[in-house]
Amino acid sequence: MTAPHAAPPGRATTSSRGTRVLGALTLAGLVLLLGYALVWSPADIVQKDSVRLMYVHVPTAILAFTACFITTVASAMWLRRRSEGWWVLGGAAAEVGLVFTGICLVTGSIWGRPTWGTYWDWDPRITSTTLLFILLVGYLALRRIDNETGDAAQRGMRGAIVGLLLFPNVMIVHYSVDWWRSLHQKATITRLDPTIEGTMLFTLMLGIVVFGLLFTWLLVHRFRVGWLEERVGATGLDQALVERRAEAGVGVPAGGSA
Amino acid sequence: MIAMTHAGYVASGWGIALVTLGAYALRTVRRGRTLAAQVPPEERRWS
């Protein structure tokens, strides 16, 4: 066991040299991306400038699905190993994924208005993505339910089982445009001959990379926050037990009788 | 930038995305600082 305060204390944050470099790269990338997305890339012949929403909508969708994949893997690993790291990773990825799914839905809705003439439609991909959003909210809520009673094993089991359902739902979102009639177009960039090219393809790829860097930065920080929450929770429980024992000790009269 | 069409939609979409992500990043970092102050340095493996 390490002696108390043997390591240099450092600043009490969730950042490290790695995250600071990653953060700087992300900010620089965002500036470049804004230049390409809003100025240097051409407007689409059909969609005109509304196509510029693609450079935020598509990357956030891809990263939302990546987050669900991470949560599903972390849930499976938790069921196998029961280690705290996988538990914290599952929650961190789901929370970041919820933010990206929300942004994907909102930007898609805004893009839908000038493109399809509506903010909302019961389109298979929109509906299944909304279900994914609700599933993520449910997963995160379920992880917190037994916090007060302290039944960590049951809480973990419930959370992990819902976590396993996330990525299969992503597959439904992905294939929904093939299985049902949809306003969304079929695969555009995941095929060998992408249907967009030139500066537009480059900007979309740049968007995926830059939002990917931001996603990674957020995930690392959120993982560390989760790790600290577990430490603080454990310390709080130990402290409460010590206090209870002390109270019980005080309640017993010295010598055993009055 | 010359007379962008759908400028309101583009600005709203990008604005909401960047403000949401910025606010979430700020909240996460602040939450981390508050929690990190309650935990001994040896428990913060990254620092």
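Residues numbered from 1 in each chain as written. Chains lettered and ligands numbered in written order. Predicted model: local features only at pLDDT ≥ 70, side-chain atom pairs only at ≥ 80, totals over all residues. Heavy atoms only, no water.

Considerations on the overall build of chain A
Argument step 1. Broken down by element type, chain A carries six helices and zero strands.
Argument step 2. Listed N to C, the secondary structure of chain A is α-α-α-α-α-α in terms of helices and strands.
Argument step 3. With the model as given, the accessible surface of chain A reaches about 13,800 Å², and the carbon-plus-sulfur share is 66%. (Helix = DSSP H or I, 4+ residues; strand = E, 2+ residues; numbered from the N terminus. Areas by Shrake-Rupley, 256 points an atom, 1.4 Å probe, with all protein chains shown as cover.)

Notes on the interface of chain B and chain A
Argument step 1. Contact with chain B, which involves 35 residues of that partner, is made by 51 residues of chain A.
Argument step 2. When the two sides are added together, the surface that chain B and chain A hide from each other amounts to roughly 3,800 Å², 75% of it contributed by carbon and sulfur.
Argument step 3. Counting the contacts that link chain B with chain A gives four salt bridges.
Argument step 4. Put simply, Arg27 of chain B and Glu95 of chain A hold a salt bridge, and the shortest N to O gap is 3.9 Å.
Argument step 5. Run the count over chain B and chain A and you get five residue pairs in polar contact (both at pLDDT 80 or more).
Argument step 6. A class-by-class count of the residues in the side of chain B that touches chain A yields 19 nonpolar, nine polar and seven charged. (Contact = heavy atoms within 4.5 Å. Buried area = accessible area lost by both parts, 1.4 Å probe. Salt bridge = Lys/Arg side-chain N within 4 Å of Asp/Glu carboxyl O. Polar contact = N/O pair within 3.5 Å; in protein donor to acceptor, adjacent residues only side chain to side chain. Nonpolar A, V, L, I, M, F, W, Y, C, P; charged D, E, K, R; others polar.)

Observations regarding the side chain of Thr107 of chain A
Argument step 1. Assignment of secondary structure puts Thr107 of chain A in helix α3 (residues 84-116).
Argument step 2. Under the relative-accessibility criterion, Thr107 of chain A is labelled buried at 0%.
Argument step 3. A polar atom in the side chain of Thr107 of chain A sits 2.7 Å from the backbone oxygen of Ile103 of chain A.
Argument step 4. Looking at Thr107 of chain A, its side chain comes within polar contact range of the main-chain oxygen of Cys104 of chain A, at 3.2 Å.
Argument step 5. Beyond its immediate chain neighbours, meaning those up to four positions away, Thr107 of chain A contacts Val56, His57 and Thr60 of chain A together with Gly13 and Ala17 of chain B. (Buried < 20%, exposed > 50% of the residue type's maximum accessible area, 1.4 Å probe, protein only.)

So, a nonpolar patch on the surface
Residue and element names in this part refer to chain A.
Argument step 1. A surface patch of nonpolar side chains, amounting to about 500 Å² of accessible area, comprises Met171, Ile172, Tyr175, Trp179 and Trp180.
Argument step 2. By the secondary structure assignment, Trp179 is in helix α5 (residues 152-179).
Argument step 3. Overall, Trp179 belongs to the exposed group, its relative accessible area being 52%. (Patch = residues over 30% accessible without salt bridge, like charges linked within 9 Å, V, L, I, M, F, W, Y side chains within 5 Å.)

A look at α3 of chain A
Argument step 1. Across its 33 residues, α3 of chain A extends 46 Å between first and last C-alpha, which sits within 8% of the 48 Å expected from 1.5 Å per residue.
Argument step 2. Within two residues after α3 of chain A, Gly117 of chain A carries a phi angle of roughly 85°, on the positive side. (Expected span 1.5 Å × (residues − 1).)

Here we look at the confidence of the model for chain B
Argument step 1. Per-residue confidence for chain B gives a mean pLDDT of 91; residues scoring 70 or more make up 96%.
Argument step 2. For this predicted complex, the interface score ipTM comes out at 0.93, while the overall pTM is 0.86. (pLDDT = per-residue confidence, 0-100.)

Notes on the packing of aromatic side chains
Residue and element names in this part refer to chain A.
Argument step 1. Under the definition given, this model contains nine aromatic pairs over all chains.
Argument step 2. Their ring planes at 90° and their centres at 5.1 Å tell us that Trp120 and Trp122 sit as a pair that is edge-to-face.
Argument step 3. Overall, Trp122 belongs to the exposed group, its relative accessible area being 68%.
Argument step 4. Aromatic pair Tyr175 and Trp179: ring centres 5.8 Å apart, planes at 25°, arrangement stacked. Of the two residues, Tyr175 and Trp179 are both situated in helix α5; the distance of four residues between them amounts to about one turn of the helix.
Argument step 5. Members of the aromatic cluster, joined through ring pairs, are Tyr36, Trp40 and Phe202.
Argument step 6. Taking NZ or CZ as reference, Arg143 lies 3.8 Å from the ring centre of Trp87, over its face. (Phe/Tyr/Trp six-rings, centres within 6.5 Å; stacked < 30°, edge-to-face > 60°. Lys NZ or Arg CZ within 6 Å of the ring centre and 35° of its normal.)

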